[in-house]
2 protein chains.
Amino acid sequence: MTIQLHTDERVDYVAGGKLKVIQSPHVFSFSIDAVLLARFVHVPIQKGAMLDLCSGNGIIPLILSERSKASIIGVEIQERLYDMAERNALLNKKTEQISFVHSDLNALPNSIKGITYDVVTCNPPYFETVTEKEKNQNLHLAIARHEMYCTLEDVIRVSSQLVKDKGKVALVHRPERLASMMTLMRHYKIEPKRVQFIHPKQGKDANIVLLEGIKASKPGLICLPPLMVYNNEGVYTEEFRKVYEGR
Amino acid sequence: MTIQLHTDERVDYVAGGKLKVIQSPHVFSFSIDAVLLARFVHVPIQKGAMLDLCSGNGIIPLILSERSKASIIGVEIQERLYDMAERNALLNKKTEQISFVHSDLNALPNSIKGITYDVVTCNPPYFETVTEKEKNQNLHLAIARHEMYCTLEDVIRVSSQLVKDKGKVALVHRPERLASMMTLMRHYKIEPKRVQFIHPKQGKDANIVLLEGIKASKPGLICLPPLMVYNNEGVYTEEFRKVYEGR
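What this report covers is the structure whose coordinates are included nearby. Everything numeric in this text was worked out from a predicted model, so none of it was measured.

### What to know about the overall build of chain A
Phase 1: When helices and strands are counted, chain A shows nine helices and eleven strands.
Phase 2: Computed over the C-alpha atoms, the radius of gyration of chain A is 17 Å, within 12% of the 18 Å expected from 2.2 N^0.38 for a compact globule of 247 residues.
Phase 3: For chain A, the residues scored as buried account for 54% of the 247 residues in total.
Phase 4: Taking the intrachain contacts of chain A between residues at least 6 apart in sequence as the baseline, contacts between residues at least 24 apart amount to 69%.
Phase 5: Accessible area for chain A stands at about 10,900 Å²; split by element, carbon and sulfur atoms hold 51% of it.

Structure (structure tokens):
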């Protein structure tokens, strides 16, 4: 079986070379944010069910599949990205473990809504508003980056509906939104339990936050050691590479 | 004028030797948490009014007075600590700028409630519950450390009532309570705007969090670079000493 690549697509290697990922700068390239989330979240090792919302080209399910034998479903609203995610599962021979669903997360089919999950992950669109110019320039990127089809509240509400009691919901976002993330999690009965901040380098404000909550759990947050991406020479720190490559 | 010391009291130097602080291991010793909060909060430089709740021996007002010419009021529920705070203001010749009030923060006199403040600070009791043993062993420390006379919600509700619109409310606490701090701040119209985590050393979870909110402000949180207290040799890091000593 050959897997077709569109002319604007390329194949990159992640997870220390173990995974091949089709992406396209024109419609979707994964960010370090997604990789860090897939490394950060607590997963069941041997069995269970995990759900990834706003799945894009499927980078998070792919990495999760290296960490867990649980079944994984990715949900993506954009048909072009859903198709890319399907081909990524094929390319990595993961179709037994990973499947993708082309759906708006606010209108999930019963096949997805009928089960509850041990883990729900999401790397949602970060920006609340979008300009006409951004939409006209590149609608694919505009949808992935801006809250056009789903808000942070949608993500957290749907996650809460679909996760088991004591199951985990893990999100990556900009620190700017952390108060909203925590307030919304509490509102939807997901208790924030683990947070980690990613700083571009020592002495700089954080630009990424990873947050994991547990459904129907008691309060009590742990703040993990921070992660610095670059050292003073502008190259990845050893600690970042360890996490990023999954060593 | 001589300032009387009780037999269990001693005078320590803080802020690089600029301030003298009476304290007693039997009733109250300030922690690095209070010093860090007094360094962290944004203050008006030339004028204004600041309020410190759960003031203890007055360490926070003393440090704030080195950073600002604003008037400062400290509120303390324990008479023994209130008296120590008064003597600390005298000892440092700060009675023009700093005054203390002996009061429960849930029953503040009109002289305090009648004004609104540019800044409200608080290093509240950290623990939600107290055992009979802890109360019997040392009631002074039990009151300072446990939510016996005021809860986190009391602190945030009263802070919100007393701070001006666009004024600042800054708290120090354990990271375990951060989700509650943020949720309660939002509830009482204080928007979390700046957060900093203090880690005992590199690679360890944070054990202190500093959080500043602004009354009636828009969302948008900044996460400052983390502060490590000790290096691998177990001595204070240079960055910590800089902050702690106010250099």
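### Things to note about the pairing of strand β5 (residues 98-102) of chain A
Residue and element names in this part refer to chain A.
Phase 1: Where strand β4 (residues 71-76) and β5 come together, five bridges link them in parallel fashion. The residue bridging Val75 from the neighbouring strand is Val101, located in β5.
Phase 2: Note that the unit made of β4, helix α3 (residues 79-91) and β5 has a crossover that is right-handed.

### Side note on the side chain of Asn88 of chain A
Phase 1: By the element assignment, Asn88 of chain A lies in helix α3.
Phase 2: Excluding residues that lie within four positions of it along the chain, Asn88 of chain A makes contacts with Lys20, Val21, Ile22, Asn57 and Leu62 of chain A.

### Details of the packing of helix α1 (residues 32-40) of chain B against helix α9 (residues 238-245) of chain B
The axes of two packed helices give the description: the angle between them and the distance between them.
Residue and element names in this part refer to chain B.
Phase 1: In the contact formed by α1 and α9, the axes pass within 8 Å of each other and the chain directions differ by 75 degrees. By the criterion of interaxial angle, the relationship of α1 to α9 is roughly perpendicular. For the pair α1 and α9, contact is made by Ile32, Val35, Leu36 and Arg39 and by Phe240, Val243, Tyr244 and Glu245, respectively.
Phase 2: Residue composition of the contact of α1 with α9, grouped by class: six nonpolar, no polar and two charged.

### Some details on the environment of Met50 of chain B
Residue and element names in this part refer to chain B.
Phase 1: Counting through the fold element by element, Met50 comes out in strand β3 (residues 49-53).
Phase 2: Look at Met50 and you get buried, because its relative accessible area is 1%.
Phase 3: Taking the C-alpha atoms as reference points, Met50 and Ile143, separated by 93 residues in sequence, lie 24 Å from one another.
Phase 4: Excluding residues within four positions of it along the chain, Met50 makes contact with Val43, Pro44, Leu64, Ser68, Ala70, Ser71, Ile72, Ile73, Tyr117 and Val119.

### Focus on the interface of chain A and chain B
Phase 1: Facing 24 residues of chain A, the contacting portion of chain B comprises 24 residues.
Phase 2: Between chain A and chain B lies a buried interface of about 2,000 Å² when both sides are counted; carbon and sulfur atoms form 64% of it.
Phase 3: Here chain A is connected to chain B by zero salt bridges.
Phase 4: Between chain A and chain B we count six residue pairs in polar contact (both at pLDDT 80 or more) in total.

### Some points on the relation of the copies chain A and chain B
Phase 1: Superposition record for chain A on chain B: RMSD 0.0 Å, screw rotation 180 degrees, translation along axis 0.0 Å. What we have between these two chains is a two-fold relation. Of every C-alpha in chain A, the one belonging to Thr183 of chain A sits nearest the axis of rotation, 2.6 Å from it.

### Details of empty space enclosed by the protein
Phase 1: According to the stated counting rule, one finds one cavity of 30 Å³ or more in the structure shown.
Phase 2: Within this model, the largest cavity holds a volume of roughly 50 Å³.
Phase 3: Forming the boundary of the largest cavity are Phe197, His199, Cys223, Leu224, Pro225 and Pro226 of chain A together with Phe197, His199, Cys223, Leu224 and Pro226 of chain B.
Phase 4: Those elements that provide at least two residues to the lining of the largest cavity are β8 (190-201) of chain A together with β8 (190-201) of chain B.
Phase 5: In the lining of the largest cavity, the residues fall into nine nonpolar, two polar and no charged.

### Description of the packing of aromatic side chains
Phase 1: All chains considered together, the criterion is met by eleven aromatic pairs over all chains.
Phase 2: With a centroid separation of 6.5 Å and an interplanar angle of 80 degrees, the aromatic rings of Tyr126 of chain A and Phe127 of chain A are classed as edge-to-face.
Phase 3: The class of Tyr126 of chain A is buried, set by a relative accessible area of 12%.
Phase 4: For the pair Phe240 of chain B and Tyr244 of chain B, a centre-to-centre distance of 5.2 Å together with 25 degrees between the ring planes defines the contact as stacked.

### Quick word on unusual backbone geometry
Residue and element names in this part refer to chain B.
Phase 1: Residue Lys93 is not a glycine yet carries a positive backbone phi of 55 degrees.
Phase 2: Examined against the element boundaries, Lys93 turns out to sit in the loop between α3 (79-91) and β5 (98-102).
Phase 3: Given a relative accessible area of 73%, Lys93 falls into the exposed group.
Phase 4: Positioned with a positive phi, Lys166 is a non-glycine residue whose angle comes to about 75 degrees.
Phase 5: Along the chain, Lys166 falls in strand β7 (residues 163-173).

### Describing the environment of Ile156 of chain A
Residue and element names in this part refer to chain A.
Phase 1: Relative to the helices and strands, Ile156 is located in helix α7 (residues 152-162).
Phase 2: On the basis of relative accessible area, Ile156 is assigned to the buried category, the value being 1%.
Phase 3: In the structure, Ile156 is positioned 34 residues away from Cys122 in sequence and 9.2 Å away in space, judged by C-alpha atoms.

Calculation criteria
- The residue numbering used here restarts from 1 in each chain and proceeds along that chain's sequence as written.
- Labels follow written order: the first chain is A, the first ligand is 1, and so on.
- Totals for whole chains, interfaces and linings use every residue, but because this is a predicted model, local features are given only for residues with pLDDT of at least 70 and side-chain atom pairs only at 80 or more, for both listing and counting.
- To get the side-chain values, take all heavy atoms of the structure and skip hydrogens and water.
- Numbering goes from the N terminus for both helices and strands, where a helix is a DSSP run of H or I of at least four residues and a strand is a run of E of at least two.
- Computation of the radius of gyration draws on C-alpha atoms, with the globule rule given as 2.2 Å multiplied by the number of residues to the power 0.38.
- When accessible area is computed with a 1.4 Å probe and restricted to protein chains, residues below 20% of their type maximum are described as buried, those above 50% as exposed, and intermediate ones as partly exposed.
- The criterion used for residue contact is that any of the two residues' heavy atoms lie within 4.5 Å.
- Only the protein chains shown count as covering a residue, and every accessible area follows the Shrake-Rupley method with a 1.4 Å probe.
- A pair of strands is considered paired only if DSSP assigns at least 2 bridges between the two.
- Orient the strands so they point away from the viewer; a crossover is then right-handed if the path from the first strand over the helix to the second runs clockwise.
- Axis definition: a line fit to C-alpha positions, over the contact stretch in the case of helices; interaxial angles, taken between N-to-C directions, run 0 to 180 degrees.
- By definition in this entry, angles of less than 35 degrees are roughly parallel, angles greater than 145 are roughly antiparallel, angles of 65 to 115 are roughly perpendicular, and the rest are oblique.
- Three categories are distinguished: nonpolar for Ala, Val, Leu, Ile, Met, Phe, Trp, Tyr, Cys and Pro, charged for Asp, Glu, Lys and Arg, and polar for the others, with Gly belonging to the last.
- Buried area is understood as the total, over both parts, of accessible area removed when two parts are fitted together, assessed with a 1.4 Å probe.
- Note on definitions: salt bridges are taken to be side-chain nitrogens of Lys or Arg within 4 Å of carboxyl oxygens of Asp or Glu.
- What qualifies as a polar contact is a pair of N or O atoms within 3.5 Å, subject to a donor-acceptor requirement within protein and to the restriction that residues adjacent in sequence count only when both atoms come from side chains.
- The copies are overlaid by a least-squares fit using only the C-alpha atoms of residues whose pLDDT is at least 70 in both copies.
- Grid points spaced at 1 Å and placed over the protein atoms alone form the basis of the search, with a cavity being a set where a 1.4 Å probe fits but cannot get out and a pocket an open set showing protein on both sides within 12 Å along at least five of seven lines. Lining residues have an atom within 4 Å of a point.
- Grid points are joined across faces, edges and corners, and a volume is the space filled by probe spheres set on the points.
- Under the pairing criterion, centres of Phe, Tyr and Trp rings, with the six-membered ring standing for Trp, must be within 6.5 Å; the plane angle then separates stacked pairs below 30 degrees from edge-to-face pairs above 60, leaving the rest tilted.

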